[in-house]
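Structural features, examined
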Amino acid sequence: MTKTQEMIKQNNELREQLNTENKAYYEEILIYMRLRNWLKDEEDIESKLLEILQDMISAQEDGMSAKEYFGQEPKEIADEILSNVPINWLDGLKILGLVFGISIFFSILSDLSADQYKFNLLQLIVHFVTIGAGVIICLSILKKSTFEKEKSSSKLEILLFGATFAGTIGILLASSYFISDAWTIALPKEIALVVTTLAALGVTWKVFILPKGERLLWSSFLPIIWLFVLLAFLNYFPASSDWIQSSNGKVVVVTGVILGLIINYLIGFYAIKKMDVD
Amino acid sequence: MKKTQLLKGVLEGCVLLIIQEKEVYGYELVQQLKLSGFTDIVGGTVYPLLQKLEKNELTTSVKKPSKDGPDRKYYQITSKGKEYCQEFIQNWQELEASVHNLIDKGGKEL
């Protein structure tokens, strides 16, 4: 277990010592600061969160509420603490790497019928940016709603999530029609299969070693990733390849992909909502 | 005039003076401030301040075991911090004298 993971675990255990009201107050700060951490040093943020939690528990033991102890302006203070946390490019790169891996799978999907697997570099970049932007928008929607008093905003939140999701998928699917073939690199099928499988295994392994809270969110991509691997294999063998390219096969493939995306969306939404609990 | 604004620049020095006295963790520090008369201070104000002190190498922190739960972060003063304390005390005394002069003068004219 890394230092960061250990602190998250300790935080989960210690948090139970807070009473309901104090816990709710603290968890707002926790979610807000964790949502902001994609470029900021994660270990530094977790260390600060743990320190604040320990102090809040001490305050509670002395009969002070978390609000009385920490103050009336938790958002402003959280912002100030975050602004003092250094940027950790490695932490940022790790997340970008994961997004990149996912982008590759979307790129493979766009060219199933050819004899060779073609990687369109430009398209890969477009996918990468689109997925990255989608994730960032979702996180900022969530961040914005963290300190809101009115919880009724959650309907708007779901709507915004849906719109972001639809927009992301729309761009991903439409991009293949607009991007020139000049950027394409062809790979022999065998190499593509090995690369695809290794990448899928890599992403799966990476997802499973993530801290518990983040794991569920990223694992929502796994069904669709493995669906692509399956499609790549089906496409490799002549018999199944013929079936995939028949109209029946295409309907099944498209249905499967849509199902995968819906699962991805539902798990993702649920995971983000639950991030504070785990 | 808001007291917090006046306090902003001074608080850093006060926190450092407490840490110079003995190593403390966050909650202890807030309690010490309150005992010293800074009764309006909330914990939230202190954390960004502690970050800045550490960033400027005026303090360092060590994790020490606590009686209940995981290790606690204790703040200690550095030699640079001690120098800062000396400067702070001197600056404060000069400032206090100047402000005092003005207040006394104003008092007499009234």
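None of these values were measured; they are calculated from a predicted model.

1. So, the overall build of chain A
Per the secondary structure count, chain A includes 13 helices and two strands. Partitioning the intrachain contacts of chain A with sequence separation of at least 6 by distance along the chain shows that 77% fall at a separation of at least 24. If you sum the accessible surface of chain A, you get close to 14,200 Å²; carbon and sulfur atoms cover 67% of it.

2. Some words on the UniProt feature "transmembrane region" (unreviewed entry) in chain A
All names here are of chain A. According to UniProt, the "transmembrane region" (unreviewed entry) feature falls on residues 92-109, 121-142, 158-179, 191-209, 216-239 and 251-272. Along residues 121-142 the backbone is 100% helical and 0% strand, and the end-to-end C-alpha distance reaches 32 Å. Strand forms 0% of residues 191-209 and helix 95%; the C-alpha atoms that close the span are 27 Å apart.

3. Quick word on the packing of aromatic side chains
The full count for this structure, using the stated rule, is four aromatic pairs over all chains. Ring centres of tyrosine 69 of chain A and tyrosine 27 of chain B lie 5.5 Å apart, and the angle between their planes is 55°; this geometry places the pair in the tilted category. You can see tyrosine 69 of chain A sitting in helix 4 (residues 66-70) and its partner tyrosine 27 of chain B sitting in helix 2 (residues 26-35), one on each of two chains. Of the two residues, tyrosine 69 of chain A and tyrosine 27 of chain B, both sit in the buried class. Taken together, a centroid distance of 5.8 Å and an interplanar angle of 25° make the contact between phenylalanine 70 of chain A and tyrosine 47 of chain B stacked. Placement of phenylalanine 70 of chain A in helix 4 and of tyrosine 47 of chain B in helix 3 (residues 43-55) is noted, with the two residues assigned to different chains. Of the residues examined, tyrosine 47 of chain B reaches a relative accessible area of 0% and is grouped as buried. Three or more aromatic residues link up through ring pairs in this structure, and these residues are Tyr25 and Phe70 of chain A together with Tyr47 of chain B. Between lysine 64 of chain B and the ring centre of tyrosine 74 of chain B, over which it is positioned, the NZ or CZ distance is 5.9 Å. Here the basic side chain of arginine 72 of chain B rests over the ring of tyrosine 25 of chain B, its NZ or CZ set 3.9 Å away from the ring centre.

4. A closer look at the pattern of salt bridges
Applying the stated criterion across every chain, the model contains 13 salt bridges over all chains. Lysine 3 of chain A is the partner of glutamate 43 of chain A in a salt bridge, and the nearest nitrogen-oxygen pair spans 3.8 Å. Highlighted residues: glutamate 43 of chain A in helix 3 (residues 42-61) and lysine 3 of chain A in helix 1 (residues 3-15), separated in sequence by 40 residues. Overall, the relative accessible area of 59% leaves lysine 3 of chain A in the exposed class. Note that glutamate 23 of chain B and lysine 64 of chain B form a salt bridge whose closest N and O atoms lie 2.6 Å from each other. Of this pair, glutamate 23 of chain B sits in the loop between helix 1 (3-21) and helix 2 while lysine 64 of chain B sits in strand 1 (residues 59-64); the two residues are 41 residues apart in sequence, bridging distant segments of the chain. Overall, the relative accessible area of 25% leaves glutamate 23 of chain B in the partly exposed class.

5. Concerning the packing of helix 5 (residues 74-84) of chain A against helix 3 of chain B
Here helix 5 of chain A crosses helix 3 of chain B at 10°, and the two axes come no closer than 9 Å. Taken as axis vectors, helix 5 of chain A and helix 3 of chain B run roughly parallel relative to one another. Across the interface between the two elements, Ile77, Glu80, Ile81 and Asn84 of chain A of helix 5 of chain A pack against Gly44, Thr45, Tyr47, Pro48, Gln51, Lys52 and Lys55 of chain B of helix 3 of chain B. Residue composition of the contact of helix 5 of chain A with helix 3 of chain B, by class: four nonpolar, four polar and three charged.

6. Some words on a nonpolar patch on the surface
All names here are of chain A. Among the surface-exposed residues, Val194, Leu198, Leu201 and Trp226 lie close enough to one another that they form a single nonpolar patch of about 380 Å² accessible area. With respect to the helices and strands, the residue valine 194 is situated in helix 9 (residues 189-208). Given a relative accessible area of 49%, valine 194 falls into the partly exposed group.

7. Points about the nonpolar core
By size, the foremost hydrophobic cluster in this structure holds 53 residues, and its most contacted members are Met56, Tyr69 and Phe70 of chain A together with Val15 of chain B. Ignoring any residue separated from it by four or fewer positions in sequence, one finds phenylalanine 70 of chain A in contact with Tyr25, Ile29, Ile52, Met56 and Ile77 of chain A together with Val42, Gly43, Gly44 and Tyr47 of chain B. Counting residues in hydrophobic clusters, the runner-up holds 22 residues, among them Val99, Ile225, Ile244 and Val257 of chain A.

8. What to know about the interface of chain B and chain A
Counting residues at the interface gives 23 residues for chain B, matched by 23 residues for chain A. For the pair chain B and chain A, the two sides together bury roughly 1,900 Å², of which 48% comes from carbon and sulfur. Among the residues of chain B in contact with chain A, Tyr27, Tyr47 and Gln51 of chain B are the three that bury the most area, contributing 35% of the side total. At the boundary of chain B with chain A, the tally comes to two salt bridges. Two residues, arginine 72 of chain B and aspartate 55 of chain A, come together in a salt bridge whose shortest N-O distance is 2.9 Å. Summed over the shared surface of chain B and chain A, the number is 16 residue pairs in polar contact (both at pLDDT 80 or more). Secondary structure elements with two or more residues in the side of chain B that touches chain A: helix 2, helix 3 and strand 2 (72-77) of chain B. In terms of residue class, the side of chain B that touches chain A is built from nine nonpolar, six polar and eight charged.

Each value, and the rule that gives it
- Residues numbered from 1 in each chain as written.
- Chains lettered and ligands numbered in written order.
- Predicted model: local features only at pLDDT ≥ 70, side-chain atom pairs only at ≥ 80, totals over all residues.
- Heavy atoms only, no water.
- Helix = DSSP H or I, 4+ residues; strand = E, 2+ residues; numbered from the N terminus.
- Contact = heavy atoms within 4.5 Å.
- Areas by Shrake-Rupley, 256 points an atom, 1.4 Å probe, with all protein chains shown as cover.
- UniProt positions renumbered as here; feature names shortened; annotations may be inferred.
- Phe/Tyr/Trp six-rings, centres within 6.5 Å; stacked < 30°, edge-to-face > 60°.
- Buried < 20%, exposed > 50% of the residue type's maximum accessible area, 1.4 Å probe, protein only.
- Lys NZ or Arg CZ within 6 Å of the ring centre and 35° of its normal.
- Salt bridge = Lys/Arg side-chain N within 4 Å of Asp/Glu carboxyl O.
- Axes fitted to C-alpha atoms, helices over the stretch in contact; angles between N-to-C directions.
- Parallel < 35°, antiparallel > 145°, perpendicular 65-115°, else oblique.
- Nonpolar A, V, L, I, M, F, W, Y, C, P; charged D, E, K, R; others polar.
- Patch = residues over 30% accessible without salt bridge, like charges linked within 9 Å, V, L, I, M, F, W, Y side chains within 5 Å.
- Core = buried A, V, L, I, M, F, W, Y, C linked by side-chain atoms within 4.5 Å.
- Buried area = accessible area lost by both parts, 1.4 Å probe.
- Polar contact = N/O pair within 3.5 Å; in protein donor to acceptor, adjacent residues only side chain to side chain.

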